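Spelled out from the first residue to the last, the chains are:
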Amino acid sequence: FLNYDPATLGPWDGLLFENSIMGLAGRVPVYVAQGAADDIVLPSVTSQFVRATCRNGAPVQFVSLAGTGHGNSVKAASRSAVNWLAARLRGDRAPSNCR
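Described below are features of the structure shown in this document. (Residues numbered from 1 in each chain as written. Predicted model: local features only at pLDDT ≥ 70, side-chain atom pairs only at ≥ 80, totals over all residues. Heavy atoms only, no water.)

Moving on, we come to helix H3 (residues 43-55). Here H3 is 13 residues long and its end C-alpha atoms lie 18 Å apart, about the 18 Å a rise of 1.5 Å per residue gives. Looking only at H3, the buried set comprises Thr46, Val50, Ala52 and Thr53. An end-on view of H3 places all buried positions within 165° of arc, on one side of the element. (Helix = DSSP H or I, 4+ residues; strand = E, 2+ residues; numbered from the N terminus. Expected span 1.5 Å × (residues − 1). Buried < 20%, exposed > 50% of the residue type's maximum accessible area, 1.4 Å probe, protein only. Arc of directions from axis to C-beta.)

What follows covers the packing of aromatic side chains. Scanning the model with the defined rule gives 1 aromatic pair in all. Taking 5.7 Å as the distance between ring centres and 45° as the angle between the ring planes, the aromatic pair formed by Tyr31 and Trp84 counts as tilted. Within this pair, whereas Tyr31 is found in strand S1 (residues 30-35), its partner Trp84 is found in helix H4 (residues 73-90), the two being separated by 53 residues in sequence. The same class applies to Tyr31 as to Trp84, namely buried. Taking the ring centre of Trp84 as reference, the NZ or CZ of Arg88 above it sits at 5.0 Å. (Phe/Tyr/Trp six-rings, centres within 6.5 Å; stacked < 30°, edge-to-face > 60°. Lys NZ or Arg CZ within 6 Å of the ring centre and 35° of its normal.)

Here the focus is the pairing of strand S2 (residues 60-65). Across 6 bridges, S1 lies against S2 in parallel orientation. Looking at the pairing, Gly35 lines up with Leu65 of S2. Crossover S1 to S2 through H3 is right-handed. (Pairing = 2+ DSSP bridges. Right-handed = clockwise from strand over helix to strand, strands pointing away.)

As a further point, take H4. Counted at 1.5 Å a residue, the expected span for H4 with its 18 residues is 26 Å, and the 25 Å between its end C-alpha atoms agrees. Most pronounced at Arg79, the bend in H4 amounts to some 40°. Buried residues of H4: Ser73, Ala77, Trp84, Ala87 and Arg88, and no others. Summarising the contacts, the buried residues of H4 are in contact with S1 and S2. Backbone geometry just after H4 places Gly91 at a positive phi near 95°. (Bend = angle between axes of the 7 residues up to and from the residue. Contact = heavy atoms within 4.5 Å.)

Moving on, we come to a nonpolar patch on the surface. Judged by side-chain polarity, Trp12, Leu15 and Leu16 come together as a nonpolar surface patch covering roughly 280 Å² of accessible area. Secondary-structure assignment places Leu16 in helix H1 (residues 12-18). (Patch = residues over 30% accessible without salt bridge, like charges linked within 9 Å, V, L, I, M, F, W, Y side chains within 5 Å. Areas by Shrake-Rupley, 256 points an atom, 1.4 Å probe, with all protein chains shown as cover. Salt bridge = Lys/Arg side-chain N within 4 Å of Asp/Glu carboxyl O.)

As structure tokens, then:
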């Protein structure tokens, strides 16, 4: 990593792709919850990720948690996330609020 760009060398190039937004294109439904008051992972960064994932064809269920910061977003989103996952495990089609 210090002497070469891993994005240009195998197997890292493929692994990086698989773990990127591009690797999700159209295949994997995504649930994203973001605390609107998060000052560690900025909401604008998450919004860019969500928009890019939508553009790549993946169904995205995005939930913005008003008044919630980074530390308590997991608790605030847990019920919604569990319900979303349970529906995927039942075979229900993934909802998407991509525009």
